[in-house]
Amino acid sequence: MDGGAHMKNKFLACAALALLTAGASAQPLPSYDLLLRGGRVIDAKNRIDGVMDVAIKDGKIARVAPGLSAGDAIKTIDVRGMVVSPGLIDLHVHVYNGTGEKGSYAGDLSIPPDGFTFRSGVTTVVDAGCAGWRNFEDFKDRIIDRSRTRVLAMLNIVGNGMRGGKWEQDQADMDGEATAKMAQRYPNVVVGVKAAHFAGPEWKPIDEAVIAGTKAKLPVMVDFGSDKPERPIYDLLNTKLRPGDIYTHAYSGLRQEQDPATQGPSKGLVDGRKRGVYFDTGTGGGSFKFMLAIPMIKQGFKPDSLSTDLHTGSMNSSTKDILNVASKFMVIGMSLQEVVAAMTAAPARQIKREDLGNLSPGSVADIAVISVQKGRFGYTDMLNTKITGTQRLVAELTIKDGKIVYDLNGLESLAWNAPPGDVKLDSRWTSFPRQDPALGVTAR
Ligand SMILES: [Zn+2]
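No experiment lies behind these values; they were computed from the predicted model shown.

A. Structural view of the overall build of the protein chain. When helices and strands are counted, the protein chain shows twelve helices and 15 strands. At 24 Å, the protein chain has a C-alpha radius of gyration in line with the 22 Å of a compact globule built from 444 residues. For the protein chain, the spread of C-alpha atoms along the principal axes amounts to about 95 × 45 × 35 Å. Counting over 444 residues, the protein chain shows a buried share of 51%. Residue pairs at least 24 apart in sequence account for 72% of intrachain contacts in the protein chain once pairs closer than 6 positions are excluded.

Listed below in structure tokens is the structure:
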């Protein structure tokens, strides 16, 4: 081909592209905004575990089925070899950041959610009691309403929340009625009541939390504080808590969770589970030990939900993030299907938000695409002891409300020297619009 013919062909190609683009804008939109093709879909609520495609339209799940056509979507992403899960729900985190209060979970010990969620496949977090009824609205204004992450909350039974010992031990500020009232004011956001960190021998925080939970029809989550003979764990799990309430830090061993003779779960946990109390990990900085978890799980006591208890301490020590917790539990006896369920459908059920944590058509399109890396990986616990595993779960792509919010390896990105996409169409499926010099649009 001579130079003239080459130029001519190039011109024709450009003209054809222009025509095509003009034509496309006049056409009706494809059936789907985004199609994830060929991943292993694990959706516990719908009992799906198989290679399928997931189609998204208008921020909602449109279809989950094998063999959907790429031609029906504006954008198709190949996720073969990866796991496609509903967006992960971390049932126990601390995100009341930004008040400036030193040494407080209603302040410096909390983390800003968006910086630590999407990069782990998490689209929903439940703040576990950083705020009580007195400061909840400040938390809502400051964090919940401003975050892209879906932030739900359990109200601390202490009116002042987790501001430190002076407040958290104040029994006069534990008010079930006031807590229920605030919860009922924000039913879409408040999903539970939290009792935590109590060092006294009294049952007051538990009793008031159950009053609040009963009035507002919400579950109570308990961090059982200091181990006190006056309030045994057996009574907590079999007399005080109701079916549907949640015991967090289940593998800490700090409060008689383990039977010293069998090394398995203590009778309180076994009987509590039979009544319908849920057991959550909340691994945190000091709430998870292999020497407990390994024999307890070997004897069949697996957690109902996997959560991190994420805060500035735990994220830098043994917990790190929810996929590290899940990878760790895979080493000690849970399957991939079980850990995915324990971060999606199970926590959704516990907080009575069964609209979340599944891929049912019509559900909000929150999705985590996860790769299972093979190699040698170390996992640690609160005593800084270690176990080695051969797998690690890694968040590849996170989608919130139908839009890509995190993409580790640029799965959806175009080659750097490819023509830019259509910024307007792209905005239907990604929060990262590409720069289009022709339209003068800059990427966010
Ligand atoms: Zn916590």
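Additional details are given in the paragraphs that follow.
B. Quick peek at helix 7 (residues 267–275). Residues G268, L269 and G272 constitute the buried set of helix 7. Down the axis of helix 7, the smallest arc covering the buried residues is 95 degrees, so these residues share one side. Tucked into the core, helix 7 has its buried residues touching helix 6 (233–240), strand 11 (246–247) and strand 12 (278–279). Positive backbone phi, approximately 105 degrees, marks G276, located one or two places after helix 7.

C. Inspection of the sheet that holds strand 12 at higher detail. A sheet is described by the order of its strands in space; here seven strands give the open sequence 6-7-8-9-10-11-12, paired in parallel fashion. Each having just a single partner strand, strand 6 (88–93) and strand 12 make up the two edges of the open sheet. The pairing of strand 11 with strand 12 spans two bridges and is parallel. Bridge pairing in strand 12 places Y247 opposite F279.

D. Highlighting the domain arrangement of the protein chain. Each assigned domain of the protein chain is listed here: domain 1 (86–394) and domain 2 (413–444). Here the C-alpha centroids of domain 1 and domain 2 sit 39 Å apart.

E. Highlighting unusual backbone geometry. Non-glycine residue D58 carries a positive phi angle of around 55 degrees. Within the secondary structure, D58 is located in the loop between strand 2 (48–57) and strand 3 (60–65). Non-glycine residue H197 carries a positive phi angle of around 65 degrees. Of note, H197 is situated in the loop between strand 9 (190–195) and helix 5 (204–216).

F. Examining helix 4 (residues 176–185) more closely. For helix 4, the complete set of buried residues consists of G176, T179, A180, M182 and A183. Around the axis of helix 4, the buried residues are gathered within 165 degrees of arc, so they sit on the same side. On the buried face of helix 4, the contacting elements are strand 7 (122–132), helix 2 (136–142), strand 8 (150–156), strand 9 and helix 5.

G. Geometry of the packing of helix 4 against helix 5. Between helix 4 and helix 5, the shortest axis-to-axis distance is 8 Å and the interhelical angle comes to 35 degrees. Crossing angle aside, the handedness with which helix 4 passes helix 5 is right-handed. Mapping the contact onto sequence places G176, E177, T179, A180, A183 and Q184 in helix 4 and E208, A209, I211, A212, K215 and A216 in helix 5. A class-by-class count of the residues in the contact of helix 4 with helix 5 yields six nonpolar, three polar and three charged.

H. Seen up close, the confidence of the model for the protein chain. On average, residues of the protein chain score 93 in pLDDT, and 92% of them are at 70 or above. The model gives residues 1–24 a pLDDT under 50, and that stretch makes one contact with residues more than four places away or in other chains.

I. Just the packing of helix 6 against helix 7, in detail. Helix 7 packs onto helix 6 with a crossing angle of 10 degrees between their chain directions and a minimal axis gap of 8 Å. In terms of orientation, helix 6 and helix 7 fall into the roughly parallel class. Packed against helix 6, whose contacting residues are I233, Y234, L237 and N238, the element helix 7 presents K267, G268, L269, D271, G272 and R275 at the interface. Partitioning the contact of helix 6 with helix 7 into residue classes produces four nonpolar, three polar and three charged.

Rules behind the numbers
Residues numbered from 1 in each chain as written. Predicted model: local features only at pLDDT ≥ 70, side-chain atom pairs only at ≥ 80, totals over all residues. Helix = DSSP H or I, 4+ residues; strand = E, 2+ residues; numbered from the N terminus. Rg over C-alpha atoms; globule rule 2.2 N^0.38 Å. Buried ≥ 20, exposed ≤ 12 C-beta atoms within 10 Å, placed from the backbone. Contact = placed C-beta atoms within 7 Å. Arc of directions from axis to C-beta. Pairing = 2+ DSSP bridges. Domains from an automatic or database assignment. Axes fitted to C-alpha atoms, helices over the stretch in contact; angles between N-to-C directions. Left-handed = near helix turned anticlockwise from the far one by under 90°. Nonpolar A, V, L, I, M, F, W, Y, C, P; charged D, E, K, R; others polar. pLDDT = per-residue confidence, 0-100. Parallel < 35°, antiparallel > 145°, perpendicular 65-115°, else oblique.

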